[in-house]
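Examination of the molecular architecture
Now for the letters of each chain:
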Amino acid sequence: MQNFFGAIGRWYDRRTARFNRPGAVRHAAWLAPLLFGALSLLLGQDNNWDLRNYHLYNAYALLNGRIGFDLSPGQWQSYFNPTLDLLYYGLNRALPAPLAGFAMGALHGLNFVLVLAIARLLLPAPDAADRYRLPLLLALAGTLGAGFLSELGNSMGDNMIALFVLASLYLVLRHWPRWRALDRGAIGWLALSGLAMGLGTGLKLTNATFALALCVALLTIGGGWWQRLRLSLVYGVAVLAGLAATAGHWFLRMWQTFGNPLFPQMNDLFRSPLALPVGVADTAHLPHGLAEALLWPFIFTLDGHRVSELVMRQLIWPVVYLLFIALALRLLAGRLRSAPAPAAAPAPAADADGRTRFVLVFFALGYVGWLKLFGIYRYLVPLELLAPLAVWLLLQRLCKPALARRAGAWALTVCAIVVFPFSTWGHSGWTANGFSADDPGLPDPAHNLVYTAHGDPPMGWMASLLPPQVPVVALAGGFPESPAYLERIRAIAASRTGTHYVMLIGAANHEEITLEKKNLLVSWLGQTGSDAGCARLERMMKKVRFHVGVEMLAQPDGPRCRLELLPPYRMDLAARNLEVRQKAALDLQRYGLRVRLDTCRVHRAAIGSEPYPYQLCEVGR
């Protein structure tokens, strides 16, 4: 067995030898983002739930003065800081959708470059066999994480803010020798690092856990306590400045408009009259009790739904968690013996100047902050990108170099393979215009009003495609409605003297959409032009699960057969639409509104090639 693993290792070294030269690092730095852009193209048009709910709408609302004009079309998330969403929205306005998707994927691919740069600082690798190859492979392993790949090229933001976290960490490591002196130049670089972290935190407040973790980790740098405290204070002030730059304008707008800078979140503290006095926080993904918290990496690895609506296959977190426990036990044993624990090998150069200790402390504190506040897997993307590097650093501290190299290679290879095939948050086929909808032909947009009446499926993105003169008001959509909120709805309704409407999701059978593609495929393969071909096609359909059967056609010319959906996959669209209308009619009764069911009309809308028809019905009191 040892010979087998040795042979695999030698084969692996030979196959990756080409990466062990300076040119490979330079080429990878510009090629990797392009490859991630290409992968984003292959995945298709971003079509995630949050995009349809608020990412598209929030940027549109900010740029078109709709804050306070509409009322929560994207539910309570309508009032998240939209600054980060401006990039995705702007790319889709300026470029054809496929180019915008490529650009987003390439930008996300810059995380590879930053992890590579960080790894090169932490792994000087005096061994010529790994000097350039090892940082490259660790950066690749980081970008093969389940969370990062699930959001590649999409609008959810976690991959984008990871750039700010990694940039901040890189700047601290890059200028490490300066922190002892802390002269004017050192303060400038440290402030730039904190500014980068603060900018990312303002764009998405979930970054705050990483900002705090890095600020505390600075206290582990050598020197006196006052020196370390100065480092932490300079960094913290710079973080606040960055946060103010990207989020200050939004906090001020929310305060002036609603009386709560985080509206409607934390309304138990700020007491805006337009929302109930509740916290509005997602705690569904947090561990239940201390025992679960201590076993959390194993629990969410076995049951991915505990930390995500999307099941993500991964093994990296139990591995890195066990290695941290092993390191903690070794350090504790050394303390109990009142002497340093015997090292299995000479400490690497990265440990000599404290950089490795700093990164591991940052990583551990970032994880604990995430565990305490969120428990949502995709918020871990910045640490997931660093997890393979953390595994390697931990093994170097725990094992002899040869064993650490072998164990790390096998562990990280297995962790990378387990991720595939990876899941995503939703895509559709590409079209030149990513988001489209038919004009509903409202008779008097300056005086009309449109309600929405359900939070799922989300309708926020549709608000950005309606005539701009029409306010959109969400009812029964999950917003923590207060009496003042209901009064605001009545005031908006009273000011719109034209016809009022409710916009509802329309039924679409996605199996019928793929049926046309399947019929084109079997026709191109020549299986529908003869009785013999139709017989072969029928036998094939009985063996594969395409949700279709073969229907013979009684016509002298043309195809002899075609594919038809099996009965369980057919859908009565009119009946489904009526169900949606009737449900909305009951919900709107609570607001004193009546849906005129006989006026409902179905209109076309789509995200990429995926249809999302909508219904528009007149509403009376």
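Scroll up to find the structure this text is about.
This structure is a prediction, so every number in the text was calculated from the model and none was measured. (Residues numbered from 1 in each chain as written. Predicted model: local features only at pLDDT ≥ 70, side-chain atom pairs only at ≥ 80, totals over all residues. Heavy atoms only, no water.)

Structural notes on unusual backbone geometry
Residue Pro 421 is bonded to the preceding Phe 420 through a cis peptide linkage, with omega at -5°. Note on placement: Pro 421 falls in the loop between helix 19 (401–418) and strand 2 (427–428). The step from Asp 456 to Pro 457 runs through a cis peptide bond, and the omega angle for that step is 0°. Structurally, Pro 457 is set in the loop between strand 4 (449–452) and helix 20 (460–463). A positive phi is found at Gln 75, a non-glycine position, where the angle reads about 60°. On the secondary structure map, Gln 75 appears in the loop between helix 3 (49–63) and helix 4 (85–94). Although it is not a glycine, Arg 271 sits at a positive phi angle of roughly 60°. (Helix = DSSP H or I, 4+ residues; strand = E, 2+ residues; numbered from the N terminus.)

Focus on a nonpolar patch on the surface
On the surface, Leu 322, Ile 325, Leu 329, Leu 332 and Leu 336 cluster together into a nonpolar patch covering about 500 Å² of accessible area. Summarising the element assignment, Leu 336 is placed in helix 15 (residues 316–336). (Patch = residues over 30% accessible without salt bridge, like charges linked within 9 Å, V, L, I, M, F, W, Y side chains within 5 Å. Areas by Shrake-Rupley, 256 points an atom, 1.4 Å probe, with all protein chains shown as cover. Salt bridge = Lys/Arg side-chain N within 4 Å of Asp/Glu carboxyl O.)

Digging into the sheet that holds strand 12 (residues 610–611)
Spatially, the three strands line up as an open sheet ordered 3-11-12, and their pairing is antiparallel. The sheet is open, and its two edges are formed by strand 3 (435–437) and strand 12, each paired on a single side. In terms of strand pairing, strand 11 (residues 605–607) meets strand 12 through two bridges, oriented antiparallel. The partner of Ala 606 across the bridge, within strand 12, is Pro 611. (Pairing = 2+ DSSP bridges.)

Focus: helix 8 (residues 158–174)
Its 17 residues give helix 8 an end-to-end C-alpha distance of 24 Å, which sits within 8% of 24 Å, the value for a rise of 1.5 Å per residue. Within helix 8, 13 of the 17 residues are buried, which leaves it mostly tucked inside the rest of the structure. (Expected span 1.5 Å × (residues − 1). Buried < 20%, exposed > 50% of the residue type's maximum accessible area, 1.4 Å probe, protein only.)

Quick look at the packing of helix 8 against helix 9 (residues 184–203)
One can describe the packing of helix 8 onto helix 9 by two numbers: an axis separation of 8 Å at closest approach and a directional angle of 165°. One way to sum up the angle between helix 8 and helix 9 is to call them roughly antiparallel. Here the hand of the crossing between helix 8 and helix 9 comes out left-handed. Judged by residue contacts, Ile 161, Phe 164, Val 165, Ser 168, Leu 171 and Val 172 of helix 8 engage Trp 189, Leu 190, Leu 192, Ser 193, Gly 194, Ala 196, Met 197, Leu 199, Gly 200 and Leu 203 from helix 9. Among the residues forming the contact of helix 8 with helix 9, the class breakdown is 12 nonpolar, four polar and no charged. (Axes fitted to C-alpha atoms, helices over the stretch in contact; angles between N-to-C directions. Parallel < 35°, antiparallel > 145°, perpendicular 65-115°, else oblique. Left-handed = near helix turned anticlockwise from the far one by under 90°. Contact = heavy atoms within 4.5 Å. Nonpolar A, V, L, I, M, F, W, Y, C, P; charged D, E, K, R; others polar.)

A closer look at the nonpolar core
Formed by 161 residues in total, the largest nonpolar core has its most connected members in Trp 317, Phe 358, Phe 362, Trp 370 and Tyr 451. With 13 residues, helix 18 (residues 381–398) is the largest single contributor of residues to this core. Not counting residues within four places of it along the chain, the set of residues in contact with Phe 362 comprises Val 165, Leu 169, Phe 210, Ala 213, Leu 214, Ala 217, Leu 383 and Leu 386. Counting 10 residues, the second largest nonpolar core, distinct from the first, contains Leu 515, Cys 534, Cys 561 and Leu 565. (Core = buried A, V, L, I, M, F, W, Y, C linked by side-chain atoms within 4.5 Å.)

Brief notes about the pattern of salt bridges
Considering all chains together, one arrives at 12 salt bridges under this definition. Arg 66 is paired through a salt bridge with Asp 70; the nearest N and O atoms lie 2.7 Å apart. Looking at Arg 66, the relative accessible area reads 3%, which means it is buried. Given the relative accessible area of 1%, Asp 70 is considered buried. Among the salt bridges present, the one from Arg 560 reaches Asp 531, with a minimum N-O distance of 3.3 Å. One end of the pair, Arg 560, is in the loop between strand 7 (548–552) and strand 8 (561–565); the other, Asp 531, is in helix 23 (residues 531–543), and 29 residues separate them in sequence. Salt bridges linked by common partners bring Asp 50, Asp 158, Lys 204 and Arg 378 together as one network.

Function-wise, these values are silent; they only describe arrangement.
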